[in-house]
Amino acid sequence: MSQMSTEELYEHLGEDQLRRLIAAFYSRVKSDDILKPMYPADDFSGAEYRLKEFLVYRLGGPQRYLEERGHPALRMRHAPFAIDQSARDRWIELMNQAMLEVDLPTEAAEILKSFFDQMATFLINRAG
Ligand code: HEM
């Protein structure tokens, strides 16, 4: 069987599972020493919503993110945050824990993991 593409993940996982994943991730960010200070203290739910909507769009679901936020331009949108190797690794660690918590189907989890790994590395913008 050929591997599922990232664009097929929305259909496979559904919106509710993505919502639960991002909620599990942000509940960890909220008590994380490296990541918490970077996120807007007064708008955690907005940050949660933006990441969820981005994933819905990027994984092949409805394109609401594009309508609301325009082109993701993620390197540019992350430029204000000091993302070094340790911030990148922590983001991935919390996301991996969130994936285990919501117990995503194995194949989808593997594809999502490699998508997050690559994207997080691409977003490093400071030397460690
Ligand atoms: C590498 C470690 C990362 C750090 C430290 C980080 C940090 C942040 C912070 C502080 C924000 C602002 C929160 C807000 O108000 O929306 C943000 C936004 C966002 N991040 Fe990350 N991020 C990381 C990796 C990623 C990855 C891997 C993705 C995608 C898979 C991603 C997707 C997004 C999106 C879509 C937004 C909202 C952009 C917008 O519409 O304004 N981030 N990130």
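- Labelled according to an unreviewed UniProt entry, the protein chain appears under the name Group 2 truncated hemoglobin GlbO, originating from Gimesia aquarii.
- Taken directly from UniProt, the Cofactor (unreviewed entry) text for the protein chain runs: "heme".
- Reading the Sequence similarities (unreviewed entry) entry of the UniProt record for the protein chain gives the comment "Belongs to the truncated hemoglobin family. Group II subfamily."

### Comments concerning the layout of surface pockets
Here's step 1: The computed volume of the largest pocket comes to approximately 690 Å³.
Here's step 2: Contributing to the lining of the largest pocket are 26 residues, with Tyr26, Tyr39, Leu51, His78 and Phe81 lying nearest its centre.
Here's step 3: When contributions to the lining of the largest pocket are tallied by element, the ones reaching two or more residues are helix H1 (9-29), helix H2 (44-58), helix H3 (64-69), helix H4 (74-78), helix H5 (85-102) and helix H6 (106-122).
Here's step 4: Here the lining of the largest pocket gets 5 residues from one element, more than from any other, and that element is H2.
Here's step 5: Across the lining of the largest pocket, the residue classes break down as 21 nonpolar, 1 polar and 4 charged.

### Comments concerning the packing of H5 against H6
Here's step 1: Taken N-terminus to C-terminus, the directions of H5 and H6 make an angle of 165°; their axes are 10 Å apart at the nearest point. Accordingly, the angle class assigned to the pair H5 and H6 is roughly antiparallel. Considering how the two elements wind past one another, H5 and H6 form a crossing that is right-handed. Between H5, through Arg88, Trp91, Ile92, Met95, Asn96 and Met99, and H6, the contact on the second element is made entirely by Ala109, Leu112, Lys113, Phe116, Asp117, Ala120 and Thr121.
Here's step 2: When the residues that make up the contact of H5 with H6 are grouped by side-chain class, the tally is 8 nonpolar, 2 polar and 3 charged.

### Details of the site of the ligand
Here's step 1: The immediate surroundings of the ligand are formed by 22 residues, with Arg50, Tyr65, Arg69, His78 and Trp91 found nearest.
Here's step 2: Between the ligand and the protein, one listed contact pairs an oxygen atom with a side-chain N or O atom of Arg50 at 2.8 Å.
Here's step 3: The side chain of His78 places a nitrogen or oxygen atom 2.8 Å from a nitrogen atom of the ligand.
Here's step 4: Among the cavities detected, the one that contains the ligand is the largest pocket.
Here's step 5: Secondary structure elements with two or more residues in the shell around the ligand: H2, H3, H4, H5 and H6.
Here's step 6: When grouped by side-chain class, the residues that make up the shell around the ligand number 17 nonpolar, 1 polar and 4 charged.

Definitions and cut-offs
- Residues numbered from 1 in each chain as written.
- Predicted model: local features only at pLDDT ≥ 70, side-chain atom pairs only at ≥ 80, totals over all residues.
- Heavy atoms only, no water.
- UniProt positions renumbered as here; feature names shortened; annotations may be inferred.
- 1 Å grid on protein atoms, 1.4 Å probe; cavity = no way out; pocket = protein on both sides within 12 Å on 5 of 7 lines; lining within 4 Å.
- Points joined across faces, edges and corners; volume = space filled by probe spheres on them.
- Helix = DSSP H or I, 4+ residues; strand = E, 2+ residues; numbered from the N terminus.
- Nonpolar A, V, L, I, M, F, W, Y, C, P; charged D, E, K, R; others polar.
- Axes fitted to C-alpha atoms, helices over the stretch in contact; angles between N-to-C directions.
- Parallel < 35°, antiparallel > 145°, perpendicular 65-115°, else oblique.
- Left-handed = near helix turned anticlockwise from the far one by under 90°.
- Contact = heavy atoms within 4.5 Å.
- Near = heavy atom within 4 Å.
- Polar contact = N/O pair within 3.5 Å; in protein donor to acceptor, adjacent residues only side chain to side chain.
- Sits in = over half its atoms within 2 Å of the grid points.

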